[in-house]
Amino acid sequence: MNSQQLLEVLSLSDNATAIYTSENIIIEFANEAMIGLWGKNRSVIGKPMIEALPELEGQPFLDILKNVWLTGNTHVDTNAYAELEKNGELQGSYFNYEYRAVKHPTGEMRCILHTAVDVTDRMLSQQEIQESKQREKDLNEELAAINEELSSSNEELLATNEELKESYNDLRLLNESLSESEAWFRETVNQAPVAIAVLDERGLIIDTANSYILEIWGKGPEIIGQPLHIALPELQGQPFLQILDDVYTSGEPFYGSEVKASLVRKGVLEDAYFNFVYHPLKEASGNTASIIVVATEVTEQINARRLIEKSEHRLNRMVMASPIGMTILKGRELVIEIANENMLTIWNRTTDQVTGKRLLEIFPELIGQPFPDMLQRVFDTGQPFGMDETTADVDLGDGRVVQYYLDFSYDPLFDADGNVEAILATVNNITERVESRRQMLHVQERGRMAVDAAQLGTFDMDLTKGTLDWDERCRTLFGVSHNNTVTYEHDFLMGLHPDDREHVTEVINNSFNKAASNGNYDVEYRTIGFEDKKLRWVSAKGKVFFNEHNEPMRFIGIVLDITDKKEDEQRKNDFIAMVSHELKTPLTSLKAYVQVLQAKALKANDGFAGGALDKSLLQVNKMNTLIKGFLDVARLESGRIHLDVERFNLNNLIKEAVEEATITMDSHHVVFDDECHTDVVADREKIGQVLNNLISNATKYSPRGSNIIIKCYQDADMVRVSVKDEGIGVKAVDIDKLFDRFYRVNSPFTKTISGFGIGLYLCAEIIKYHRGRIWVESKTGQGATFNFEIPVT
Amino acid sequence: MAKKVFVIEDDRDIRETIVYVLEEEGYEVLASESSKLLRSVDSEKPDIILLDNWLTDWKSDANGQQLSKELKSNPATSHISVIIISAVSNVKEIAEAGLADGYLMKPFDVSELVNMVKKFTA
């Protein structure tokens, strides 16, 4: 092997190696390890030692090297202290080195072979061992500090720490006799009744782990000596390894409280919660040598608490969402923990005003009311308590004190130990309901008394159930004495007089049509008693109640026996009818005679007789009109007016009436002004009667020669006719009564005017039967306009 | 041959006037104050019957109407025209309900009477 080959081999060596020549110690060769050890670079090769490492001036090495060169004696030294400039800084290190004198076979010096090993670390650890007494003391102090911190961080650890401290004291005594601090420390850890592990170096080698921490980790003692991340591979992706690394780097302890860790225990990955401390153990130099881990598992406590929190959360949500008032009162102090919107409405307070406050502090008026005692009793007994329709006086905080009617219940909420820790109060404000019910009862009572006083019978038909209720009076009206169920079809309809059945059914159907009647029911009918076969007249009034779809739901009303009244009316009507008939019979023969004579006078060319007979006929006709009026009134009163409806042209009818008026009365100018060419569906004869009546009325109350103007026009579904005169007009007081039966305007002008006051009444009745309207517009002395309107169809 | 008219009317003056007017017009008239006259319908075979609605019992509206209905419902007499005469204003309805062919409301015009009879005996 030549020298070049040798140099190559040496350069590959991990051992720091250099070759020097001459007395000046020229650096002929230095491998990477040596250059690294010097803290220099390759530029030093070829330079004298003093030049390459000037910091060696004043140190023994140059002299030693010179001596080796000159004497040829190899020099060996161990744990030699050298100071070398590395990165511009003078650093002290310890070396074991050899300056080997390499000679030619001739015995002359060839070179010096320098090998060196940095033993600084070893030296320092030796120093550490020397300082072990001091370190023990430091450790003890640090452990005491750890204990202190642990006791403050976790109460549960306090007790164990006490024990730990005691054992420390015992151990300290024991320690005196122990030469090795590590052994002492390991023993301490193993005997401590708390989970402890010691992790060495940055690699986190498990140096020590006691049985408690092994249990927590779910591992056996075989993991001791392994790096943590290999012993507990599940920690990958969890924060602990990083935290430990940070503690190692920073030298600052880390405290974890209720931190979740996922650990494989008995082969199962479990979540567990811990309070723990990572405390760095430092060397004298201040560097972290290892980390002590002290941990307490709090999984059970956390789970228990989470469970409680979860159920509390659920309860709170339930309370907030409740449609009735709810609040949670915590402790016997009755602190309002939560109150929902409805509760706040009842209280007339905001969340901020009540939350966290004592109930009786906000509502001092409750003191003296039974509620505080009831609440305390729930705390005493653990039994729920509730009452319905209880009155409570509450100060609304804005000056109003109200009395509420409340349904409430107090339900105890238990803590983990089964003690009542709070009360869930559920409060339903039923004040409105109670008050309206009282009001209703009052109204019902009053109604019942009124019905009784008026001798009214009542009926109540439930259309949803199809039931019909009749009270006793109502039953009497249908000749029913039993109290059995009655029905619309069998008892009501069959109890009606056959002639009235159709009409009453029609009226009821109309009442069931909200748009047509708004549910109003008003009818008179005859009944034939089921048991006594007696004919009775009944006036029935009622109201139909509809649902939101305008469907009839309920039909309630009263019935009144009007038989006596009707019989009176019938006698009166029969009397009027008889009188009218008796009057008409002579009128009929009179008219026939007059007309026969008229024909004879015409034949005989007797002008005077003809004229006289014409006037006689006029008087007969006038008389007939009056009598006809009486007959019509009689018919109206007995409810037997009948509309004979047909489609006809209203314009033509008005024209006929105007022509007839012009022929029979030459005293006034009757003018048909605005014509309408509307066909209407109505009783032609009766509408004609109305027109005749209004025209003849106008002639009676206006001066001779004045105008009577008739107008007609259509307005949507209605057609309106007006008859305007230039007469004495109508006083305001008379306007409303004008259409009443037998009403006559009382004034000096009208005394001389003939009539019985039935004309306008008849007109009004006829228009009413047509579902129309009749009215007058007038001022005294300014004429009058009579109007009526009827539906086109 | 003259047409034959039955007149049933309880008021003598009216009855006599009707008879006078119709005889003047050339009709053969048989008149009575009561419905007994109708017993001779089969033998006399009148062409037309004038029937007062309100006969002896003033409370009943239905006398003339009732008789008219019987006549018009009987196949043997249904071909005979029946005119109801009444003072009531709803004579039209009464006549219709009694299946009568026409009606006259009292007091009627003589010309009305003549036209009515002419119409149903033409």
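For the structure, check the block above.
Nothing here was measured: the structure is a model prediction, and the numbers come from that model.

Undergrad: Would you mind showing me how to read the overall build of chain B here?
TA: In terms of regular secondary structure, chain B is built from five helices and five strands. Beginning at the N terminus, the succession of helices and strands in chain B can be written as β-α-β-α-β-α-β-α-β-α. Burial statistics for chain B: of 122 residues in total, 41% are counted as buried. Summarising the internal contacts of chain B: among those between residues at least 6 apart in sequence, 54% fall at separations of at least 24.

Undergrad: What's the story with the interface of chain A and chain B in this structure? I'm lost.
TA: Chain A puts 20 residues into the contact, and the matching count from chain B is 18 residues. Listed by contribution, the elements that provide at least two residues to the side of chain A that touches chain B are helix 22 (563-604) and helix 23 (607-637) of chain A. Of the residues assigned to the side of chain A that touches chain B, the class counts are seven nonpolar, seven polar and six charged.

Undergrad: Before we go on, may I ask you to explain the environment of valine 776 of chain A in this structure?
TA: Residue and element names in this part refer to chain A. Here valine 776 is to be found in strand 26 (residues 773-778). Spatially, the C-alpha atoms of valine 776 and phenylalanine 739 are 9.5 Å apart, while their sequence positions differ by 37 residues. Sequence-distant contacts of valine 776, that is, excluding residues within four places in its chain, are made with Val730, Ile735, Leu738, Ala784, Thr785 and Phe786.

Undergrad: I tried to follow helix 27 (residues 759-769) of chain A on my own but got confused; where do I start?
TA: Residue pairs spaced three or four apart in an α-helix point in one direction, given the helix's 3.6 residues per turn. Residue and element names in this part refer to chain A. Judged by how many residues are buried, helix 27 sits mostly within the fold: nine of eleven residues are covered. What helix 27 keeps buried is the set Gly759, Leu760, Tyr761, Leu762, Cys763, Ala764, Glu765, Ile766 and Ile767. Just downstream of helix 27, arginine 771 is the residue with a positive phi angle, here 60°.

Undergrad: Would you mind going over the sheet that holds strand 18 (residues 520-528) of chain A with me for this structure?
TA: Adjacent strands of a sheet form backbone hydrogen bonds with each other and so pair up, either parallel or antiparallel. All names here are of chain A. Strand order in the open sheet formed by five strands is 17-16-20-19-18, with antiparallel pairing between adjacent strands. Edge positions in the sheet fall to strand 17 (467-470) and strand 18, since each has one partner strand and no second. Sheet twist, expressed as the mean angle between neighbouring strand axes with direction ignored, is 20°. The pairing of strand 19 (residues 535-546) with strand 20 (residues 552-561) spans nine bridges and is classified as antiparallel. When the sheet's bridge partners are listed, serine 539 is paired in strand 20 with leucine 560.

Undergrad: Would you mind going over the packing of helix 1 (residues 12-24) of chain B against helix 5 (residues 110-121) of chain B with me for this structure?
TA: Any two packed helices are characterised by the angle at which their axes cross and by the distance between the axes. All names here are of chain B. Remark: helix 1 packs on helix 5, axes separated minimally by 11 Å, with the N-to-C direction vectors making an angle of 60°. One element, helix 1, and the other, helix 5, form an angle in the oblique class. Taken as a pair, helix 1 and helix 5 cross one another with a handedness that is right-handed. In this structure, helix 1 uses Ile18, Val21 and Leu22 to contact helix 5, whose residues at the interface are Val110, Leu113, Val114 and Val117. Split by residue class, the contact of helix 1 with helix 5 holds seven nonpolar, no polar and no charged.

Undergrad: How should the pairing of strand 4 (residues 89-103) of chain A be read in this particular structure?
TA: Residue and element names in this part refer to chain A. Two elements, strand 3 (residues 75-86) and strand 4, share ten bridges in a ladder whose sense is antiparallel. Residue tyrosine 81 lies in a different strand from strand 4, and its bridge partner there is tyrosine 94. The sheet contact formed by strand 4 and strand 5 (residues 109-118) spans nine bridges and is antiparallel. The residue of strand 5 that forms the bridge with lysine 103 is methionine 109. Here strand 4 hands over to strand 5 after five residues, with glycine 107 in that stretch at a positive phi of 95°.

Undergrad: Before we go on, may I ask you to explain unusual backbone geometry in this structure?
TA: For residues besides glycine, phi is generally negative; the peptide bonds are generally trans as well. At the junction of lysine 106 of chain B and proline 107 of chain B, the peptide bond is cis and its omega measures out at -10° in the coordinates. Position of proline 107 of chain B relative to the elements: it lies in the loop between strand 5 (102-105) and helix 5. Phi at asparagine 79 of chain A is positive, roughly 50°, even though this residue is not glycine. By the secondary structure assignment, asparagine 79 of chain A is in strand 3. Accessibility expressed as a C-beta count within 10 Å gives 13 for asparagine 79 of chain A, which makes it partly exposed.

Undergrad: Hey, could you run me through the sheet that holds strand 3 of chain A in this one?
TA: Residue and element names in this part refer to chain A. Judged by pairing direction, the sheet is antiparallel, and its five strands sit side by side in the order 2-1-5-4-3 without closing on themselves. Edge strands, defined here as strands with exactly one partner in the open sheet, are strand 2 (26-30) and strand 3. The mean inter-strand angle of the sheet, taken between neighbouring strand axes irrespective of direction, is 35°.

What counts and what doesn't
- Residues numbered from 1 in each chain as written.
- Chains lettered and ligands numbered in written order.
- Predicted model: local features only at pLDDT ≥ 70, side-chain atom pairs only at ≥ 80, totals over all residues.
- Helix = DSSP H or I, 4+ residues; strand = E, 2+ residues; numbered from the N terminus.
- Buried ≥ 20, exposed ≤ 12 C-beta atoms within 10 Å, placed from the backbone.
- Contact = placed C-beta atoms within 7 Å.
- Nonpolar A, V, L, I, M, F, W, Y, C, P; charged D, E, K, R; others polar.
- Pairing = 2+ DSSP bridges.
- Axes fitted to C-alpha atoms, helices over the stretch in contact; angles between N-to-C directions.
- Parallel < 35°, antiparallel > 145°, perpendicular 65-115°, else oblique.
- Left-handed = near helix turned anticlockwise from the far one by under 90°.

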